[in-house]
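Structural characterization, general
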Amino acid sequence: MICIRKNRRGFTLVEMVLSLAIISIIFGLTTTLVVCVRNSFMSTYNLNDSSDYAVLYGSGFENSILSHTQNRVSGKWYISNNILTCSGTPVFVPDHLQTRKEDSETIVDKWNIAMYFNYTESSSRVRYIVCVTDNYYNPGRLIYKYSSMVWLPHFADTKLATPQGTIKVSDIQSGVPDPENKGATLSDYGTVIEYTAP
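Here is a short report on the structure shown in this document. Please read these numbers as outputs of a predicted model, since none were measured by experiment.

If you walk through the whole model with that rule in mind, you get 6 aromatic pairs. Ring centres of Y57 and F92 lie 5.2 Å apart, and the angle between their planes is 70°; this geometry places the pair in the edge-to-face category. Here Y57, found in helix α1 (residues 13-71), pairs with F92, found in the loop between β3 (89-90) and β4 (98-100); they are 35 residues apart in sequence, far enough to count as distant. Accessibility classification places Y57 together with F92 in one group, the buried group. Ring geometry for F61 and F117: centres 4.9 Å apart, planes at 45°, overall tilted. With F61 in helix α1 and F117 in strand β6 (residues 111-120), this residue pair connects regions lying 56 residues apart in the sequence. Side by side, F61 and F117 carry an identical accessibility label, which is buried. Within the aromatic cluster, the residues linked to one another by ring pairs are F61, W77, F117, Y128 and Y146.

Set out below in structure tokens:
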């Protein structure tokens, strides 16, 4: 008996379908991985960048209120158009606060900044909270809360014979997010703090 061998010159239909299925599965997994890595990068980037800005706003407020109380110059601090303002003048103008949307030529703020103040007269301390809300990648989501306090030494020094002036918090808000307890709110914080020199 003579055996005749046929030369194979190509792939069978089953082999082609199988290879296409494997390629599409690999492509699907790779695409999902790329999207997950991008989302992770964006959330980490937003958290790091927003925390830097929150600390910057806090430091700017502390330096400004200490300077005004030491030099006995009246001032009123609040956030206006995402800029920390003292009596209508910006305390500082942050760089890179605005960005261009990917799908258009519109320029928007990366974040919405809110500051809340509380003054305790007995301890001469101003407590403040800086809330950074995403306005670009995930609009409306609170990204970072930073809270701290500044002690006003001239108000605490009882040996000084001259009056130091007064500090008043106004525009009291309800539902200010508590940085210490997730989900809790504070009710005795306002969005405006004012120092009136003697």
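Having seen it, we continue.
Okay, a nonpolar patch on the surface next. A surface patch of nonpolar side chains, amounting to about 300 Å² of accessible area, comprises L18, I22 and I26. Position of L18 among the secondary structure elements: in helix α1. Look at L18 and you get exposed, because its relative accessible area is 54%.

Right, let's get into α1. Compared with the 87 Å implied by 1.5 Å per residue over 59 residues, the 87 Å span of α1 between its first and last C-alpha is a close match. One or two steps after α1, the chain reaches R72, where phi turns positive at roughly 55°.

One finds Y57, F61, I65, M115, V126, V130 and I193 to be the most contacted residues of the largest nonpolar core, which totals 26 residues. Those elements that provide at least two residues to this core are α1, β2 (83-86), β6, β7 (125-134), β8 (142-151) and β12 (189-196). Here V130 is in contact with A54, Y57, G58, I113, A114, M115, Y144, K145 and Y146, once residues within four sequence places are set aside. Counting 6 residues, the second largest nonpolar core, distinct from the first, contains Y116, I129, C131 and V176.

Here we take up the environment of N71. Here N71 shows up in helix α1. What makes N71 exposed here is its relative accessible area of 53%. The sequence separation of N71 and V35 amounts to 36 residues, and the corresponding C-alpha distance is 54 Å. Engagement of the side chain of N71 in a polar contact is seen with the backbone oxygen of S67, the distance being 3.0 Å.

So, on to unusual backbone geometry. Of note in this structure, R72 is not a glycine but carries a positive phi near 55°. Inspection of the secondary structure puts R72 in the loop between α1 and β1 (75-80). Residues other than glycine seldom take positive phi values, yet N82 does so here, at roughly 65°. By the element assignment, N82 lies in the loop between β1 and β2.

Cut-offs applied
Residues numbered from 1 in each chain as written. Predicted model: local features only at pLDDT ≥ 70, side-chain atom pairs only at ≥ 80, totals over all residues. Heavy atoms only, no water. Phe/Tyr/Trp six-rings, centres within 6.5 Å; stacked < 30°, edge-to-face > 60°. Helix = DSSP H or I, 4+ residues; strand = E, 2+ residues; numbered from the N terminus. Buried < 20%, exposed > 50% of the residue type's maximum accessible area, 1.4 Å probe, protein only. Patch = residues over 30% accessible without salt bridge, like charges linked within 9 Å, V, L, I, M, F, W, Y side chains within 5 Å. Areas by Shrake-Rupley, 256 points an atom, 1.4 Å probe, with all protein chains shown as cover. Salt bridge = Lys/Arg side-chain N within 4 Å of Asp/Glu carboxyl O. Expected span 1.5 Å × (residues − 1). Core = buried A, V, L, I, M, F, W, Y, C linked by side-chain atoms within 4.5 Å. Contact = heavy atoms within 4.5 Å. Polar contact = N/O pair within 3.5 Å; in protein donor to acceptor, adjacent residues only side chain to side chain.

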